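Read off the chains here:
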Amino acid sequence: MNSFLRLLILLLSLLIVLPLFLFAQQAETSSKTKDKSKDSAAKDNSKPSGELNAEQIVESVILIYGFPGGRQTLDQIRKTTNERGKTRITYPDGRSDLVNYQRFIIRGANLEKEKIRLDQEFPSVRYSLLHEDGKVFGLYNDQIFSPREDAVAAFTDQIYRSIEALLRYKEDESQITLAGREKMLGVDFYLIDLADKNGRKTRFYVSAKRFRVMMLEYESGDKKYQRKFYDYNYAQGTLVPFRTVLYVDGRITEETDIGTITFGQKVDESLFPKQP
């Protein structure tokens, strides 16, 4: 009889305890599932919904600068460039020169293969800088010479640290990354970092509203450079900033205003003599 009572009590205990145990296990599992859902939701919410990536942003820029065909329109219209204007150069001692210039470009498959000639007329001297096959040299009185290192660097930066470098990132096999967003003076910008095959790095500030490049910046040596773009207008259907200002360590050193710019006209190959 005692054995029977013990067995009966054990069975009744199991009937009471087991449901409580199963209920507790179910509650714990449900709690863990909810926590995981919260964590997952928190992770999802930490990523901006619908944010564009670097390639989508830059391809949008290309489309805007060469609307409606983007890259195809730019290649078709800008086969050659003939540009005239003025540049005010301000020196560290405060002196300045107003320089008349003319730029000729014969478009290449990429920037390295671009033929570029920049004629500059200073108050006391006139000479040209040329870019061919990725090399820079000077021309004075029809004689080829080797320009100073700083002049070569400045001319090279105009080519490879430019809006054109962003528009032709694929042709140049450059790498682009999105470095985030930033608001300056009420304008929202995408920050696009570009690194070319030669290790040059440039950051572009792209308007999140209009997909225009409003500024670029880079470092060279121990100096920080900023180039800002103003007075955008269309030239033969492609977008061009008609005013550019270059800052070095926060100080204005160059102010360039385009007077006229035309694309597609014949450019004489004799303007680009071969180096000996």
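Residues numbered from 1 in each chain as written. Predicted model: local features only at pLDDT ≥ 70, side-chain atom pairs only at ≥ 80, totals over all residues. Heavy atoms only, no water.

Colleague: Could you clarify how one ought to interpret the overall build of the protein in this entry?
Modeller: In terms of helices and strands, the protein carries 5 helices and 13 strands. Evaluated residue by residue, the protein yields a buried proportion of 39% over its 276 residues. Sequence-distant contacts, at least 24 apart, represent 45% of the contacts inside the protein between residues at least 6 apart. Summed over its atoms, the accessible surface of the protein is roughly 16,900 Å², and 53% of this surface lies on carbon and sulfur atoms. (Helix = DSSP H or I, 4+ residues; strand = E, 2+ residues; numbered from the N terminus. Buried < 20%, exposed > 50% of the residue type's maximum accessible area, 1.4 Å probe, protein only. Contact = heavy atoms within 4.5 Å. Areas by Shrake-Rupley, 256 points an atom, 1.4 Å probe, with all protein chains shown as cover.)

Colleague: Even after reading the chapter, I still don't get the environment of asparagine 53, so can you show me in this structure?
Modeller: Inspection of the secondary structure assignment puts asparagine 53 in the loop between helix 1 (2–45) and helix 2 (54–65). Separated by 127 residues in the primary sequence, asparagine 53 and glycine 180 have C-alpha atoms spaced 9.8 Å apart. A distance of 3.2 Å separates a polar atom in the side chain of asparagine 53 from the backbone nitrogen of glutamate 55. Reaching out from asparagine 53, the side chain makes a polar contact with the backbone nitrogen of glutamine 56 at a distance of 2.8 Å. (Polar contact = N/O pair within 3.5 Å; in protein donor to acceptor, adjacent residues only side chain to side chain.)

Colleague: Help me out: how do you make sense of the pattern of salt bridges in this one?
Modeller: Oppositely charged side chains may form a pair once their charged atoms are brought near each other. Using the criterion set out here, one finds 22 salt bridges in the structure. We note a salt bridge from glutamate 114 to arginine 168, for which the minimum N-O separation is 2.9 Å. You can see glutamate 114 sitting in the loop between strand 2 (96–106) and strand 3 (115–121) and its partner arginine 168 sitting in the loop between helix 5 (163–167) and strand 7 (175–184), a full 54 residues away along the chain. With relative accessibility at 4%, the residue glutamate 114 sits in the buried group. (Salt bridge = Lys/Arg side-chain N within 4 Å of Asp/Glu carboxyl O.)

Colleague: Explanation requested: the pairing of strand 8 (residues 187–195) in the structure shown.
Modeller: Two faces, one strand: in a regular strand the side chains alternate between the faces of the sheet. Across 8 bridges, the pairing between strand 7 and strand 8 is antiparallel. For glutamine 175, the partnering residue across the bridge sits in strand 8 and is alanine 195. Taken together, strand 7 and the strand that follows it, strand 8, pair antiparallel across an intervening segment of 2 residues, in which leucine 185 is found at a positive phi of about 50 degrees. In the sheet, strand 8 pairs with strand 9 (residues 201–207) via 7 bridges, with the strands oriented antiparallel. (Pairing = 2+ DSSP bridges.)

In short, geometric facts, not functional conclusions.
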